[in-house]
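# Structural description and commentary
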Amino acid sequence: MTSLGTLEDLPQSYRDKLTELNLVPLWPNMRAVLPHKVPSRKTQTLNWHFNDLRPLLIEAGDLTPMEKAERRVLVLANPGHGLTNMQATPSIYMGLQLILPGETAPNHRHTPNAVRIIIEGEGATTIVDGEPCVMERGDLILTPSGKWHEHQHEGDGPIIWLDILDLPLIYQLEGSWAIEGKAQNQTLKRDKSFAEYSAAGVVPELGFQRENTDSPMLRYPWAKTRDCLVEMAKHYPNSPLRIAYVNPENGASLFPSIGFGAMMLRPNETLSLPKRTTACVFHIVEGQGALSVDTNNVIQWTEKDTLSAPGYTEIILWNESSTEPAFIITADEAPLHRYLGIF
Ligand code: GTQ
């Protein structure tokens, strides 16, 4: 690869004339935007330890009433992307949200897609287009783009969950906006979409064509996901135990932008993930262990932690317990990479 001319190689008078006309020469930046064989990646490998950030989130509950927050969230910002840009990876936003007993995060809808993964507490409900979704530990609750959603908490003690949105992507596309609405009329007692799709391979007879491709299932209960992994472990003693969350009607990823999965690591298991183009985040539902990226960057994790890792890397996960399995929920940008033909 030949080295290319730099900005400093050009006379200042010429550079000034370019600037005047809103022009920049490509060649000084050519290798930065088109590096040789491997892309440059800003996503840093890191762990947001739940035990470190929980006290700060609880403190936010004292410092900022719901009326002043609308969503009481501490954003898990990857410093590689700049803290204020609210990116865990190029297209994934993550935040930890706190609701105290009796509080409601008011109704709104927005263009970004969102998923919640419940970490702590019970008795909260997210109402999505009139459908109340119960929030239990490890559950995935979907609020696809454009759907009304509000969060109510009538349990005892705080409820905390992880929000995962494609906000950075939608924001970059200059497509991110929201509108506030009145409290929803909740007509159902609890999640109907889960009832309709609770048996794999069997779907409701609609008698009409769905208008859009959003997953009709809004709540993916952790108990079901966990059971599936444990059951698979009995049949596949030597294979990696990984499953994908999909739209039950068509097998598509939950969102066009972000794909979700779950994995189980048997006691003491070491799992080498296939090398892939996409950055990835990991949320530890149960267990303790370590993650290494390109063998040199080793970080420890435990229950309720959330981690990020860049793409184009060799990722290895260990379960360090010799008696208990570990369970991890993953999110990545694979659907988008596939769509763009760069996966
Ligand atoms: O709960 O609707 O973390 O709108 C960021 C934006 C959560 C939400 C976030 C949101 C929400």
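Everything below is about the structure printed above this text.
A quick note: this is a predicted structure, and the numbers were derived from the prediction, not measured. (Residues numbered from 1 in each chain as written. Predicted model: local features only at pLDDT ≥ 70, side-chain atom pairs only at ≥ 80, totals over all residues. Heavy atoms only, no water.)

### What about the site of the ligand?
For the record, the criterion: Being near a molecule or strand, for a residue, comes down to having at least one heavy atom within 4 Å of it. The definition of a polar contact used here is a pair of N or O atoms within 3.5 Å, where within protein one atom must be able to donate a hydrogen and the other to accept one, and adjacent residues in sequence count solely through side-chain atom pairs. To be clear on the numbers: accessible area is Shrake-Rupley with a 1.4 Å probe, and residue cover counts the displayed protein chains and nothing else. Helix and strand labels come from DSSP, where a helix needs a run of H or I of at least four residues and a strand needs a run of E of at least two; each type is numbered from the N terminus. Note on residue classes: Ala, Val, Leu, Ile, Met, Phe, Trp, Tyr, Cys and Pro are nonpolar, Asp, Glu, Lys and Arg are charged, and everything else, Gly too, is polar.
Every residue near the ligand is listed here: Arg71, Val73, Tyr93, Gln97, His108, His110, Arg116, His149, His151 and Asp163. Note that an oxygen atom of the ligand is positioned 2.9 Å from one of the side-chain N or O atoms of His108. When isolated, the ligand has an accessible area of 290 Å², and the protein chains bury 89% of it. Of all elements in the fold, only β3 (93-99), β4 (104-110) and β9 (149-153) reach the threshold of two or more residues within the shell around the ligand. When the residues that make up the shell around the ligand are grouped by side-chain class, the tally is two nonpolar, five polar and three charged.

### Here we look at the sheet that holds strand β16 (residues 280-286)
How we decide: For two strands to pair, DSSP has to find at least two bridges joining them. In this analysis an axis means a line fitted to C-alpha atoms, helices contributing only their contacting stretch, and an angle means the value between N-to-C directions, from 0 to 180 degrees. Contacts are assigned to residue pairs that have any heavy atoms within 4.5 Å of one another.
The six strands are arranged β1-β19-β16-β21-β14-β13 in an open sheet whose pairing can be described as antiparallel. Every interior strand has two partners, whereas the edge strands, β1 (46-48) and β13 (241-245), have only one. The average undirected angle you get between the axes of adjacent strands in this sheet is 25 degrees. Looking at chain direction, β16 and strand β19 (residues 306-309) are connected through four bridges and run antiparallel. Its bridge partner lying in β19, Cys280 is registered against Ala309. In the packing of helix α6 (residues 222-235) onto the sheet, the strands contacted are β13, β14 (259-265), β16 and β21 (326-332), and the crossing angle to β13 comes to about 145 degrees.

### Concerning the sheet that holds strand β17 (residues 288-293)
Here we have four strands laid out as an open sheet, ordered β15-β20-β17-β18, and antiparallel in their pairing. The two strands at the open ends of the sheet, each matched to only one other strand, are β15 (270-272) and β18 (297-302). Ignoring which end each strand starts from, the neighbouring axes of this sheet average 20 degrees apart. Examined bridge by bridge, β17 and β18 share six bridges and lie antiparallel to one another. Looking across to β18, one finds that Gln288 is bridged to Thr302.

### Side note on the pairing of strand β8 (residues 140-143)
Short version of the rule: The classification of residues rests on relative accessible area computed with a 1.4 Å probe and restricted to protein chains. Under 20% of the type maximum is buried, over 50% is exposed, and intermediate values are partly exposed.
Taking every second residue as pointing to the same face, both faces of β8 are buried, with Leu140 and Leu142 on one and Ile141 and Thr143 on the other. In this sheet, β8 lies alongside strand β5 (residues 114-120) in antiparallel orientation, the contact comprising four bridges. Across the sheet, residue Ile117 finds its bridge partner in β8, namely Leu140. Judged from the two bridges that link them, β8 and strand β12 (residues 219-220) form a sheet pairing that is antiparallel. Along β12, the bridge assignment pairs Ile141 with Arg219.

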